[in-house]
Amino acid sequence: MGTDRDSAVTRQRFDVADAAPLLIDVDGLVTSWTRDAERLFGYPAAEILGRSVRTLLVTEDGERIGRLAETHRSLGGWSGILTGRHRDGHHIRVMVRLVPTRETPTGTTVNAPAAPTPAETDAVTAPPARPASSAWPAPRPGYPDSPRATTPPRPPSPSPSTAPSPDPLPSPAHWIALVSDATEAPGWDMSRSVLERMTARSPIGMAIVDTELRFVWSNAALERFGGGRAYERVGLRLAEVQPGLDAERLEAQMRQVLETGVPVLDHEHIGRVRSTPYRETAHTMSFTRLEDDQGRPVGVYYTVMDVSDQHRARTRLALLDRAGEHIGRTLDVRRTAQELADTVVPALADFVTVDLLDSVLRGAEPGPLDEPGAGSLSLRRTAQQSVRPGVPEAVLEVGAIASYAAGSPPARTLVGGRSWSQPRLDPLSAEWAEAIPDGRAAHAEALELHSVMIVPVRARGITLGITTFFRRDRQDPFDAVDLGLAEELVGRAAVCVDNARRYTRERDAALALQRSLLPHRLPEQSAAEVAVRYRPADELTGLGGDWYDVIPLAGARVALVVGEVAGHGIDGAAAMGRLRTAVRTLADLDLPPDEVLAHLDDMVAKSARQEGPEPGAGSVQTVGARCLYVVHDPVSGSCAMAAAGPFTPALVAPDGTVTFPGLPEGPALGVDGQPFEALEVDLPEGTVIALHTDGLFAEASRDTLCRALARPEPSLDLHAERVLDALAPARPTDDVALLLARTRRLPAHRVASWELPADPALVSDARKTTTRQLGIWGLDELAFTTELVVSELVTNAIRHSAGPIQLRLILERTLICEVFDGGATAPHLRHPRTTDEGGRGLFLISQFTQRWGTRFLPEGKVIWAEQSLAEQSPTEQSPTDPDPLV
């Protein structure tokens, strides 16, 4: 099938240098044939001259050729693509240009294209045809397969003496057909004028450089980028035309193309061109090597497209993506503000400051903002960042108060909640002088700032502060696109800041609650030297429910406790407080460690059953809690312990050896009610007992703990600090509680004990013995009260129990009097009436002593009473006591 071109041939020309010219008469007969035509169609001249041109076309195009010729005769001819037929029968796509010719009265031909002459193409010409008719005749039967048998003789040309025709218009004579092979052609062969117009009107910049990379040609579109007209570029290098581009890098691409011949496509380059010297623009460039007929490189042809809009859109999306990744990674207000400043420098601004209200930093709700009439608004400089090291543009340090005058741009932005920008800033203007915090004078570094935006930090309808963006090194000013991007970035950061503020408020409340439930200071006791370190969890996981405690017990003993609950936040802290109170209550009963945990387990399980599994119930947080309970006796040196959960204390011997006792692991509290097992070991004086919660092993191992504990330190406090730093990060993911206790032993001369037979007559001897011992200790002032206590306790033991009785006096921070017997019943305090004859013994003891109680043992019980030594000063000490306890 052919392709028509309805416009005039003069407006649709293609090159004819490679075309085969044919001469066709008005009847469609081929009257001239060339070697190019023979190569194209395969017919020798003898077989085609005098035959119809339709012989050379497929049937359909052969039937159309006559109509096309007549239709376009008045338009100057026709051009298009037809399907030809080779002599051997295969089809050929050919580009055809058909132009009519007329003979003037002088016999010359007009309106013919500049086709090769018969001599130039080795043409063979048929005998002259008869005069042309006014129209291409319809095909005759047998046409175009059979050549014409005879050709009518052409009328003789008029002799020179013959008078010319009175008709001045030329008459139809022949058609000239210019035929080119289009089988593998990409399209029409365009003439130079068409190509020149195409390149001149193309919106894509084009240029050709020689092998020395000097311009030899460029089109008009390249002039839009600046650098002069096309003729002014000739002979210049790229660096001379566009000094704002990285010419060295671009010319390296050109040299690579020259050397390898491999084109470089869509090479993106960012720089400043002469047309926009103050703004970076992005361009995509493609480079192709040009070669001569022998394949030798003669230069590089390249194209340039401005893709600045697409580049800015990609940069904007990349910055927003980076902001989503880096801003708000923590729930810390200050760190979130600094993350905002770090993200936008240098991608958007050269210098950024973030000022927030003090109430935001405290986690409080910001109050209403009313601009003062003649005062100032105070903010806190929370973060700042600059492209230059040390932030030389800043007039305030991070953490300083930034006071802005009423009516200044920062104050208006803070109060109104709307952004403000000044594309071209004059740092010496009166308006900006009011915007400098505290009215300070702008120093030399700040005077170079030339463009500014102020965006409110606003989230959930509350203004939290302002963020100020400056440009200094980048010469292009902020525009509306930059302001929109800044508002989106600050808006995202504002939500993170507000989340951090809310979390800060809740975390501070939980911390306050937890601190109020933990020991404010360690109680005074002489059984062990104790050092404690507690590190709460970071803001991402929330405050945990770990706790520790040191509880003085009767008989100069001490209980060491660590534990943890599963909850976090305020609920976890409240659950921890409940368990700690329960443990202290059970400790006052002087129960063994395994019984303390058994009672605690029963309490947790009972509370869970009573309160149910509803969210917010305190029992939900305590179920599954874990606890380690250790009791050290400085008199005997024994240490008893029991655990609910996988707790194992570490024991550091005086020589630095670290061991872990085989403490049986008990069930978690409130889970299955299984019994707990206790372990009792004897510890030499100076042994360090290390108790900790499982947060200590979140990022460490037991081997790391052993190395840290074995390292000698000058003090126990420093030892605890070093161990915690070695095993736990500064912001752990779980709470960490660490308790170190270095055991002590009471000197032998501080303890006096006597075996007493169950004879009431010997009670007086017990009183006398006690008085003598108090005299040795220099406590004669306590003799009367102590005699009363001993008399009542020994008498009750003789009266209500059987077996041997032991009396023991312990001089510690208090004077402790203990009576051991084999009875299993506990005495009860009574409040006798005035008429009662007995029952006043324990009542008198409770009135004259600091405290008293009963402790049960496997072989019986101990009734004890303590007297304060606050007003006493014992003088008798053993010369072998280097470190007196009182």
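**Student:** Looking at this model, I keep getting lost on helix H23 (residues 841-848). Mind explaining?
**Tutor:** Each α-helix winds once per 3.6 residues, and so residues spaced three or four apart point in a common direction. Three or more residues of H23 are buried, namely Gly841, Leu842 and Ile845. The buried side chains of H23 occupy one side of the element, clustering within an arc of 90° when seen end-on. Buried residues belonging to H23 abut helix H22 (783-800), strand S32 (851-857) and strand S33 (860-868).

**Student:** Which parts of the structure should I look at to understand the sheet that holds strand S31 (residues 814-821)?
**Tutor:** Sheet strands pair via backbone hydrogen bonds, and the direction of the pair is either parallel or antiparallel. Taking strand neighbours across the sheet as the criterion, the five strands line up as S29-S30-S31-S33-S32 in an open arrangement whose pairing is antiparallel. Of all the strands in the sheet, the pair left with one neighbour each is strand S29 (751-756) and S32. On average, adjacent strands in this sheet sit at an angle of 15° to one another, irrespective of strand direction. Across eight bridges, the pairing between S31 and S33 is antiparallel. Its bridge partner lying in S33, Asp821 is registered against Lys861.

**Student:** Help me understand the nonpolar core, please; the structure alone is not making it clear to me.
**Tutor:** Burial of nonpolar side chains together is a common tendency in soluble globular proteins. Val344, Leu348, Val352, Leu356, Phe469 and Leu489 are the most contacted members of the largest nonpolar core, which has 55 residues in total. No other element matches the nine residues that helix H15 (residues 480-517) contributes to this core. Counting 49 residues, the second largest nonpolar core, distinct from the first, contains Met576, Leu591, Val631 and Leu691.

**Student:** Help me out: how do you make sense of the side chain of Ser386 in this one?
**Tutor:** As for its placement among the helices and strands, Ser386 is situated in strand S14 (residues 376-386). What makes Ser386 buried here is its relative accessible area of 8%. Side-chain polar atoms of Ser386 contact the backbone nitrogen of Arg388, separated by 3.1 Å. For Ser386, the residues in contact, after removing those within four places along its chain, are Val345, Asp350, Phe351, Val391, Pro392 and Glu393.

**Student:** Is there a simple way to explain the pattern of salt bridges in this structure?
**Tutor:** Two side chains bearing opposite charge may form a pair once their charged atoms approach each other closely. A full pass over the atoms with the stated rule returns 49 salt bridges. The salt bridge involving Arg214 is made with Glu240; its shortest N-O contact spans 3.9 Å. A residue pair is termed long-range when its members are at least 10 positions apart, and Arg214 in the loop between strand S8 (205-210) and strand S9 (215-218) and Glu240 in helix H7 (residues 238-241) qualify at 26 residues. Arg214 sits in the partly exposed class, given a relative accessible area of 30%. Here Asp358 and Arg380 are joined by a salt bridge, their closest N and O atoms 2.9 Å apart.

**Student:** Which parts of the structure should I look at to understand the packing of helix H10 (residues 333-344) against H15?
**Tutor:** When two helices pack together, their arrangement is captured by the angle between the axes and the distance separating the axes. Axis separation between H10 and H15 bottoms out at 8 Å; the angle between their running directions is 165°. Regarding the angle of H10 to H15, the classification is roughly antiparallel. Like other packed secondary-structure pairs, H10 and H15 cross with a definite hand, here right-handed. Touching Val333, Thr336, Leu340 and Val344 of H10 are Leu489, Val490, Ala493, Cys496, Val497, Ala500, Arg501 and Thr504, all from H15. Classifying every residue of the contact of H10 with H15 gives nine nonpolar, two polar and one charged.

Here is what the cut-offs are and how they apply
Residues numbered from 1 in each chain as written. Predicted model: local features only at pLDDT ≥ 70, side-chain atom pairs only at ≥ 80, totals over all residues. Heavy atoms only, no water. Buried < 20%, exposed > 50% of the residue type's maximum accessible area, 1.4 Å probe, protein only. Helix = DSSP H or I, 4+ residues; strand = E, 2+ residues; numbered from the N terminus. Arc of directions from axis to C-beta. Contact = heavy atoms within 4.5 Å. Pairing = 2+ DSSP bridges. Axes fitted to C-alpha atoms, helices over the stretch in contact; angles between N-to-C directions. Core = buried A, V, L, I, M, F, W, Y, C linked by side-chain atoms within 4.5 Å. Polar contact = N/O pair within 3.5 Å; in protein donor to acceptor, adjacent residues only side chain to side chain. Salt bridge = Lys/Arg side-chain N within 4 Å of Asp/Glu carboxyl O. Parallel < 35°, antiparallel > 145°, perpendicular 65-115°, else oblique. Left-handed = near helix turned anticlockwise from the far one by under 90°. Nonpolar A, V, L, I, M, F, W, Y, C, P; charged D, E, K, R; others polar.

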